[in-house]
Every structure is written in structure tokens, then in C-alpha cells.
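Each chain, written out:
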Amino acid sequence: MGFQLLISVLLVSSFYAHYGDSDSEFISVRDFLSDSGNTNADQSQAIQDAWKALCAGKSKSLVIHANEDYTLLPQVFQGPCVASNPHIQIDGKIEAPKLVKDWGSNKTENWLSFDKVSGLTITGSGLLDPHGESWWSSVKFDSRPQALQFNRCNNLIYNGLTQRNSPKNHISISNCIQATLSNLHLIAPANSPNTDGIDISLSQKINIFSSAIQTGDDCIAINTGSSDINITSVDCGPGHGISIGSLGEGGATETVENVHVQHCTFTGAENAARIKTWPGGGGYARNIWYEDITLINTKFPIIIDQQYEDDSYKYAKGSAVKVSDVTFRYFRGTCAQPIAINLDCDKIGCGNIVLEHINITSSSPQTSPSAICRFADVTSSFVNIDMKCVNHADLQGPSPSPELPSQYDQPHAQLPQTSAPHAQARPFLSFL
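Residues numbered from 1 in each chain as written. Predicted model: local features only at pLDDT ≥ 70, side-chain atom pairs only at ≥ 80, totals over all residues. Heavy atoms only, no water.

**Section: the overall build of the chain**
Item 1. A count of helices and strands for the chain gives 2 helices and 29 strands.
Item 2. Within the span of the chain, comprising 432 residues, buried residues form 56% of the whole. (Helix = DSSP H or I, 4+ residues; strand = E, 2+ residues; numbered from the N terminus. Buried < 20%, exposed > 50% of the residue type's maximum accessible area, 1.4 Å probe, protein only.)

Take a look at the structure:
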């Protein structure tokens, strides 16, 4: 964790070392306000004008000071930029209108979006607040906006900010190569629907570290087209864990590979390490490591769900996303439900699943955690929970199902210790 924090500091410090700290190097949103008293309810035009000046290379940095509070309607900050490394420092507050009706009539997928901006750095101690609480009960999932999107933003640095109460997921990373997200705090109530922390798709060489994520859905979701993902020292909970997928919905062929999750803590989370794929899909999830994981009253610590679906799912189930080369090692702590390990694979099977040094106990006195294992090729050592896997010859009748709570991570839901030595990390390229 210390090494990752040092790298984060060096990344941010290198920016200032390169550009200096002269006042002439900075512009402020206040320079573009039409009224000096900042009395307008919407400062979107001033922010856009400031962005265009920054992107055009007229200044090295755009600064929002700690005492500044700006209200923005949905914005796209468009690239490419003349400036090779545009920098935004946010120490104040940026918020959306508090009520859905005040967002205007234009439908939007994002509140704030950066598109095709290479070398972008956003740092600061400020707050982004899109007031998602007004959306959760009044607007269906598919029509709610993401809070912050980075699309086609290569060599991205995003450090230090707090985001609160997104209408949907807080951060979307899509079509990006080489991004580092660090020292972030993402907050939403445990019962806020589909408020993922960070969603990654179609992206490579993504590093996330030294962050705290407390949301109503996945803390981090790694979706199709993503590879070389490094997640280190993230505190998750409440939330639904750090998940691969879901993959393969609607028969789609989707892929994720080379994911390393390490030194993470899950507190009061619904899940910890999870891989979820839909029946009938194709593709693969492979070369995935979860290691050195601390569990504090986590409901379901280890899950591979190759039959992830809801009651309305009718797609043909003749195929499945292939899950293979997955390692869970050095897990320790407590689980809040009887089933600590659930490897629920399709008949196509899950290949080369490794469990090592697993020490999970129950949060409830005099209760021993159990495991479910179906159609999985498992190698285990130093696991304190008895593992017996059902194979094709053993299976008779309908598939056994774990007793999960009724609200257990329905897709697109609309409803509001012991110690172990730190794992010796598998050699894995960090993309800092």
C-alpha cells in the first residue's frame, strides 16, 4: 500500500514539477463568469469556456478553489486537445441540479463526460455531487445518467476527489488505455439501486488503488473487452464486491482477462470476489487473481456464478462464458451467511480454479461456513472449509441452489479474525 501511495504522490507531484506553480500558469472558472457575484443558478457556460481555453493550450491548469461551488447541467468536455497534458484541479464543489426536472429535457447518458482527451490529469480534494437521490425512486435504471465518464481518454490520472450519490454508476472507464485512479472516495447508501463505484469496459492497463468505495452495487465491475487490470488497496463496503462481469447477457460473446485484485478489504459487503456470467453467452473470463483479501462480516466472500440470471431471462442456455485460470489466495476474516464459497458453474465447467490459504469463519457464534461447488476443476490447499465438488457423474435431478436472500443482486434492481501472512504477489505488470 505504501508503494502504491508513493507512486500516486509522484504522479501528481511530477505534474507540478513540470509545469511550475506560477499564477500565470492557471485559469479559474471565475475568469469566465458573466456575473462577478456568481449568482447564476447554472455555471455550465463558464465551465465550458474555461475548458475550451485549457484544451486549446492557453493555460496549463484549470483551478476550482476550495471556496467555490458550481452547478452544472450535463456537460461533454471534448477532445482532442492542443494541450498535451491538460490539468484540472478541483478543491471546491461541483454539483448537478438537485431535482430531476431541473436537468432539462435533453436525455443524457452522463452528467460529466470527457471524450478523447489524452494525457488528462484531474486532481484535488473537492466533491462531485450529482444528487442521484432524486433519481433512484423516480426514474428507471436505463434512463438514469452516469455521474462521470472517461471515454477514449488515454494516459489518464484521476486522484483525490470524493463523489457522492450518483444516479447510476459513479465512474465509467471505457475505451481507455493506461489510466490510474487513486485516493478516491465514492459514497452512496447501501440501498441505492445500481450505484456502482467504478465500471470498466473495453479498456486496458487500468490501475485503481488506495481508494474507499461505499455504494449500493458493485464497488468495481470489470466488463467486456477489459484486460490488464490492477486493483490494489481498495476498501469496499457496503457494496456488492469487486466483480468480473456480468458477461454474456443476451447470448453476447464477451471477454475479460489478466485481472489482479490484491490487498483489499470488504466490510459489510454483499460479496467480495465475484465472477458472474449469463447462460447462453460466449467468450471467456481468464487469468484472474484475488489475493490478500480481508473480510469483515461479508455475506458471500467467494463466488463464481456461471448461471447469473433473473426470472425474466429466457435466452437459450446451450453455451456459457468459459471461466478458467482463477486463483483465490490468502483470504481471511468473517462471513455473514452460511455459504462462504460458491462455485456454481455450468456443465461446460470452470477450469483450473485454485484456492489457497483460505481461512473464513462465521460472524455468528457456533456456526461453521460451508461451500457449494458444481462442475469446477478445483485445486485447494490450506482451506478451512470442506470442499466437495459435484461433477457430471454425481449430479442427479435439478441443480442445488444456495439459499440467498430475495434481494440478492438482482440484475438492474429497482429496489431502493484470523490472520494470514501477506500474499507473495504473483508477478504482474503494473501499468503505472
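What follows picks up the thread again.
**Quick word on the pairing of strand β16 (residues 198–201)**
Item 1. On β16, burial covers both faces: Ile 198 and Ile 200 on one face and Asp 199 and Ser 201 on the other are all buried.
Item 2. Bridge analysis of strand β13 (residues 171–174) against β16 gives 4 bridges, and the strand direction is parallel. Across the sheet, residue Ser 172 finds its bridge partner in β16, namely Asp 199. (Pairing = 2+ DSSP bridges.)

**Comments concerning the sheet that holds strand β7 (residues 110–115)**
Item 1. Spatially, the 11 strands line up as an open sheet ordered β4-β7-β10-β13-β16-β18-β20-β22-β24-β26-β28, and their pairing is parallel. Pairing within the sheet leaves two strands with one partner each, and these edge strands are β4 (75–78) and β28 (370–374). Going across the sheet, the axis of each strand differs from the next one's by a mean of 15°, ignoring polarity.
Item 2. With 4 bridges joining them, strand β20 (residues 242–247) and strand β22 (residues 271–277) adopt parallel strand pairing. Paired with Leu 247 across the bridge in β22 is Thr 277.
Item 3. Along the sheet face, helix α2 (residues 44–55) touches β4 and β7 and points at about 10° away from the line of β4. (Axes fitted to C-alpha atoms, helices over the stretch in contact; angles between N-to-C directions. Contact = heavy atoms within 4.5 Å.)

**Focus: α2**
Item 1. Compared with an ideal rise of 1.5 Å per residue, which puts 12 residues at 16 Å, α2 spans 16 Å between its outermost C-alpha atoms and is within 8% of the ideal.
Item 2. Burial analysis of α2 places 9 of its 12 residues in the buried class, which makes it a mostly covered element.
Item 3. Among all positions of α2, only Ser 44, Ala 46, Ile 47, Gln 48, Ala 50, Trp 51, Ala 53, Leu 54 and Cys 55 are buried.
Item 4. Lining the buried residues of α2 we find β1 (26–28), β2 (61–64), β3 (69–71), β4, β5 (87–90) and β7.
Item 5. Positive phi shows up at Gly 57, right after α2, with a value of about 85°. (Expected span 1.5 Å × (residues − 1).)

**Points about the pattern of salt bridges**
Item 1. Applying the stated rule across the entire model yields 15 salt bridges.
Item 2. Measuring nitrogen to oxygen at the nearest pair gives 3.6 Å for the salt bridge that ties Glu 95 to Lys 98.
Item 3. On the basis of relative accessibility, which here comes to 6%, the residue Glu 95 falls in the buried class.
Item 4. By relative accessible area, which is 52% here, Lys 98 ends up exposed.
Item 5. Its salt-bridge partner being Arg 329, residue Glu 356 comes within 3.2 Å of it at the nearest N-O pair. Of this pair, Glu 356 sits in strand β27 (residues 350–362) while Arg 329 sits in strand β25 (residues 322–335), and the two are 27 residues apart along the sequence.
Item 6. Assessed through its relative accessible area of 12%, Arg 329 is described here as buried.
Item 7. Within this structure, Lys 93, Glu 95 and Lys 98 form a network of salt bridges that share partners. (Salt bridge = Lys/Arg side-chain N within 4 Å of Asp/Glu carboxyl O.)

**As for empty space enclosed by the protein**
Item 1. Taken as a whole, the largest cavity encloses approximately 130 Å³ of empty space.
Item 2. Forming the walls of the largest cavity are 15 residues, and the residues nearest its centre are Phe 77, Ile 88, Ile 90, Ile 94 and Phe 114.
Item 3. When contributions to the lining of the largest cavity are tallied by element, the ones reaching two or more residues are α2, β2, β5 and β7. (1 Å grid on protein atoms, 1.4 Å probe; cavity = no way out; pocket = protein on both sides within 12 Å on 5 of 7 lines; lining within 4 Å. Points joined across faces, edges and corners; volume = space filled by probe spheres on them.)

**Digging into the UniProt feature "active site" (unreviewed entry) in the chain**
Item 1. On the UniProt side, "active site" (unreviewed entry) is annotated at positions that read His 240 here.
Item 2. Within the element layout of this structure, His 240 appears in the loop between β19 (226–236) and β20.
Item 3. Judged by its relative accessible area of 12%, His 240 falls in the buried class. (UniProt positions renumbered as here; feature names shortened; annotations may be inferred.)

**Observations regarding the state of the cysteines**
Item 1. Evaluated as defined, the whole model comprises 4 disulfides.
Item 2. Disulfide pairing places Cys 55 opposite Cys 81 at an S-S distance of 2.0 Å. Because the torsion about its S-S bond is -110°, the bridge between Cys 55 and Cys 81 counts as left-handed. Separated by 26 residues along the polypeptide, Cys 55 in helix α2 and Cys 81 in the loop between β4 and β5 bring together distant segments of the chain.
Item 3. Accessibility expressed as a relative area gives 9% for Cys 55, which makes it buried.
Item 4. Along the chain, the cysteines engaged in disulfide bonds are linked according to the scheme 1-2, 3-4, 5-6, 7-8 when indexed in sequence order.
Item 5. Between Cys 153, a cysteine without a disulfide, and Cys 176, which holds the nearest cysteine sulfur, the sulfur-to-sulfur distance is 5.2 Å.
Item 6. You can call Cys 153 buried: its relative accessible area is 0%.
Item 7. Just so you know, Cys 264 is unpaired, no disulfide at all, and the nearest cysteine sulfur is the one on Cys 236, 8.5 Å from it.
Item 8. Of the residues examined, Cys 264 reaches a relative accessible area of 0% and is grouped as buried. (Disulfide = S-S within 2.5 Å.)

**Thoughts on the side chain of Gln 163**
Item 1. Along the polypeptide, Gln 163 turns up in strand β12 (residues 162–164).
Item 2. Those residues in contact with Gln 163, other than ones at most four positions away along the chain, are Leu 128, Ala 147, Leu 148, Tyr 158, His 170, Ile 171, His 185, Leu 186 and Ile 187.

**Overview of the environment of Gly 239**
Item 1. Along the chain, Gly 239 falls in the loop between β19 and β20.
Item 2. Its relative accessible area of 5% is what places Gly 239 among the buried residues.
Item 3. Each C-alpha atom of the pair Gly 239 and Ala 269 lies 5.0 Å from the other, and the pair is 30 residues apart in sequence.
Item 4. Leave out the neighbours within four places in its chain, and Gly 239 touches Thr 215, Asp 217, Cys 219, Ala 269, Glu 270 and Asn 271.

**With respect to the nonpolar core**
Item 1. Counting 95 residues, the largest nonpolar core has Phe 150 and Phe 328 as its most contacted members.
Item 2. The element contributing the most residues to this core is α2, with 7 residues.
Item 3. Shared between two domains, this core takes at least three residues from each, and those domains are domain 1 (24–214) and domain 2 (218–310 + 318–394). (Core = buried A, V, L, I, M, F, W, Y, C linked by side-chain atoms within 4.5 Å. Domains from an automatic or database assignment.)

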